[in-house]
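# Coordinates in review
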Amino acid sequence: MSVQVFIPTFNRSAKLARAVESVLAQTAGDAEVVILDNHSEDDTPAVVAALMAADPRITYVRRERNIGMIANFNAIRSLVTADFFCVLTDDDEYEPCFLETALACFGKDPRIRFVACNAPTLLHGEVVKSQLDAWQEGFYPANTTVFKCLSGHYPLITNCLLRAETAGDFVFHEDLGNVGDGMLLTCLFCKYDAYISKVTTGSWNSDGENASTLLKADPALLVDTAIREAQHYRAFCQKNGIVMRGLPMLWLKRFLTVLMAADRSGFRHVREASEMRRSFWPSTIAVLWILHQLRVIRLFHKALLLFRRLSLSWVARRGKAGLRHS
């Protein structure tokens, strides 16, 4: 079974070397490392040349000009030639067991089209959470986990291994920017059978500014992102003939995002600076204004925090019960 690990990069030569070495150190799966250099202006070409001289499993694709981060990521789907593929961001690393763990999971059921492994979020070197805290290990049929994904509990895309046949749907939407991985994974879970592994095979460093932090800092952009996610989800389901189970939740998410953004920066600012006037009926905007005046979002936020705590507690209890009976 052949594997390709794609590493898009730009001006991160020191971190890139660590990322590449983490792939070459895998305990299973003789992977080809494909570096997609978005015309770096530092010493990336020299660093890659040294890496290639030491190991023939590395392929180097250097752009003649910077085509933008999203376009560089989206080039992956046309370059897949192996049986399996994955993407590793240039500032992250794999544990040596990633490919061995993921490939073993594919053997559990022939229907599995991609495997998502655990990769906790680190803050200054300490584990703060895991995107898979709300999941149990096991097989998930297509279109059964959309609510988990749309509520923000989607796995880290870097620790997912996919069969080549999914490459056509490996799309990051330009208008979602750096947070498009959530919609990408939502669509994959809608269309394909998947397996969740709770084995830790990597991590994500949340130190400093990141896409999620920057998004939360701009209330209008937050609203626009929620609006566009609903549009992309609807288009994907219609194109593939998939029942749109998550559409009501995405509508609710749009409305709640408006209320949350308005609570931060004022309803008028959000209405004028975002796409909501082009996306909502005037009557809907009027209802949202009334709900904003009543500060409904603050009560909802408290209820949501309580629900999440109860949900995570339930998943943890189920996990412990499974271990006792195994």
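In this text the structure is predicted, and so the values were computed from the model without any measurement. (Residues numbered from 1 in each chain as written. Predicted model: local features only at pLDDT ≥ 70, side-chain atom pairs only at ≥ 80, totals over all residues. Heavy atoms only, no water.)

## Here's the deal with the sheet that holds strand E5 (residues 114–118)
If you walk across this open sheet you meet the eight strands as E3-E2-E1-E4-E9-E5-E10-E8, and the pairing is mixed. For this open sheet the edge positions go to strand E3 (58–62) and strand E8 (138–140), each flanked by a neighbour on one side alone. If you compare each strand with its neighbour and ignore which way they point, the axes differ by 25° on average. Alignment of strand E4 (residues 84–87) against strand E9 (residues 160–163), held across two bridges, turns out to be antiparallel. Within E9, the residue paired with Phe 84 across the bridge is Arg 163. Across the sheet, helix H1 (residues 13–24) is in contact with strand E1 (3–9), strand E2 (32–37) and E3; its angle to E1 comes to roughly 175°. (Pairing = 2+ DSSP bridges. Helix = DSSP H or I, 4+ residues; strand = E, 2+ residues; numbered from the N terminus. Axes fitted to C-alpha atoms, helices over the stretch in contact; angles between N-to-C directions. Contact = heavy atoms within 4.5 Å.)

## Structural notes on the sheet that holds strand E7 (residues 126–129)
Taken together, the three strands give an open sheet; going across it, the order is E7-E6-E11, and neighbouring strands pair in mixed fashion. The open sheet is flanked by E7 and strand E11 (204–205), the only strands paired with a single partner. Summarising the sheet, strand E6 (residues 121–123) and E7 pair through three bridges and their orientation is antiparallel. Paired with Leu 122 across the two strands is Val 127, which belongs to E7.

## Let's talk about the confidence of the model for the protein
Per-residue pLDDT for the protein has a mean of 89; in total, 88% of the residues score no lower than 70. Taken element by element, the predicted model of the protein shows its lowest mean pLDDT in helix H7 (residues 211–216) (49) and its highest in E9 (98). Across residues 209–215 the pLDDT falls below 50, and counting only partners more than four positions away or on other chains, this stretch makes nine contacts in the model. (pLDDT = per-residue confidence, 0-100.)

## Focus on the state of the cysteines
Under the counting rule described, the total for this entry stands at zero disulfides. No disulfide involves Cys 149; its nearest neighbouring cysteine sulfur is the one of Cys 190, lying 7.4 Å away. Of all cysteine sulfurs, the one in Cys 190 lies closest to Cys 187, which takes part in no disulfide; the gap is 6.0 Å. A residue is classified by how much of its surface remains accessible, and Cys 187, at 5% relative accessible area, is buried. (Disulfide = S-S within 2.5 Å. Buried < 20%, exposed > 50% of the residue type's maximum accessible area, 1.4 Å probe, protein only.)

## Describing the environment of Phe 106
Assignment of secondary structure puts Phe 106 in helix H4 (residues 98–106). Sequence separation between Phe 106 and Leu 162 is 56 residues, and the spatial gap between their C-alpha atoms is 9.6 Å. Those residues in contact with Phe 106, other than ones at most four positions away along the chain, are Phe 84, Ile 112, Arg 113, Phe 114, Val 115, Leu 161 and Arg 163.

## Focus: the pairing of E3
Pairing of E2 with E3, which is carried by five bridges, proceeds in the parallel orientation. Of the residues in E3, the one forming a bridge with Leu 36 is Val 61. With respect to chirality, the unit in which E2 leads through helix H2 (residues 44–54) into the neighbouring parallel E3 is right-handed. (Right-handed = clockwise from strand over helix to strand, strands pointing away.)

## A few points about the pattern of salt bridges
In total, this model carries 15 salt bridges according to the counting rule given. Close ionic contact of Arg 12 with Asp 91 constitutes a salt bridge, the shortest N to O distance being 3.4 Å. Of this pair, Arg 12 sits in the loop between E1 and H1 while Asp 91 sits in the loop between E4 and H4; the two residues are 79 residues apart in sequence, bridging distant segments of the chain. On the basis of relative accessible area, Asp 91 is assigned to the partly exposed category, the value being 27%. One salt bridge connects Glu 272 with Arg 271, and the closest N-O pair in it is separated by 3.1 Å. Members of the salt-bridge network, linked through shared partners, are Arg 12, Asp 90 and Asp 91. (Salt bridge = Lys/Arg side-chain N within 4 Å of Asp/Glu carboxyl O.)

## Observations regarding the packing of helix H8 (residues 219–240) against helix H9 (residues 247–265)
Axis separation between H8 and H9 bottoms out at 8 Å; the angle between their running directions is 175°. What the angle tells us is that H8 and H9 run roughly antiparallel. Residues Pro 219, Leu 222, Val 223, Ala 226, Ile 227, Glu 229, Ala 230, Tyr 233 and Arg 234 of H8 form the contact with H9, whose participating residues are Leu 247, Leu 250, Trp 251, Lys 253, Arg 254, Thr 257, Val 258, Met 260, Ala 261, Arg 264 and Ser 265. Of the residues belonging to the contact of H8 with H9, the class tally is 13 nonpolar, two polar and five charged. (Parallel < 35°, antiparallel > 145°, perpendicular 65-115°, else oblique. Nonpolar A, V, L, I, M, F, W, Y, C, P; charged D, E, K, R; others polar.)

## A few points about the packing of aromatic side chains
Scanning the model with the defined rule gives nine aromatic pairs in all. Ring plane angle 20° and centroid distance 4.2 Å describe the contact between Tyr 94 and Phe 98, whose orientation is recorded as stacked. Taken as a pair, Tyr 94 and Phe 98 share a single burial class, namely buried. When the centroid spacing of 4.8 Å and the interplanar angle of 70° are considered together, the rings of Phe 114 and Phe 189 count as edge-to-face. One end of the pair, Phe 114, is in strand E5; the other, Phe 189, is in helix H6 (residues 181–191), and 75 residues separate them in sequence. Accessibility expressed as a relative area gives 0% for Phe 114, which makes it buried. Of the residues examined, Phe 189 reaches a relative accessible area of 2% and is grouped as buried. One aromatic cluster is present, built from ring pairs that chain together Phe 73, Phe 85, Phe 170 and Phe 172. Across the ring face of Trp 135, the terminal group of Lys 148 is positioned such that the distance to the ring centre comes to 5.5 Å. (Phe/Tyr/Trp six-rings, centres within 6.5 Å; stacked < 30°, edge-to-face > 60°. Lys NZ or Arg CZ within 6 Å of the ring centre and 35° of its normal.)

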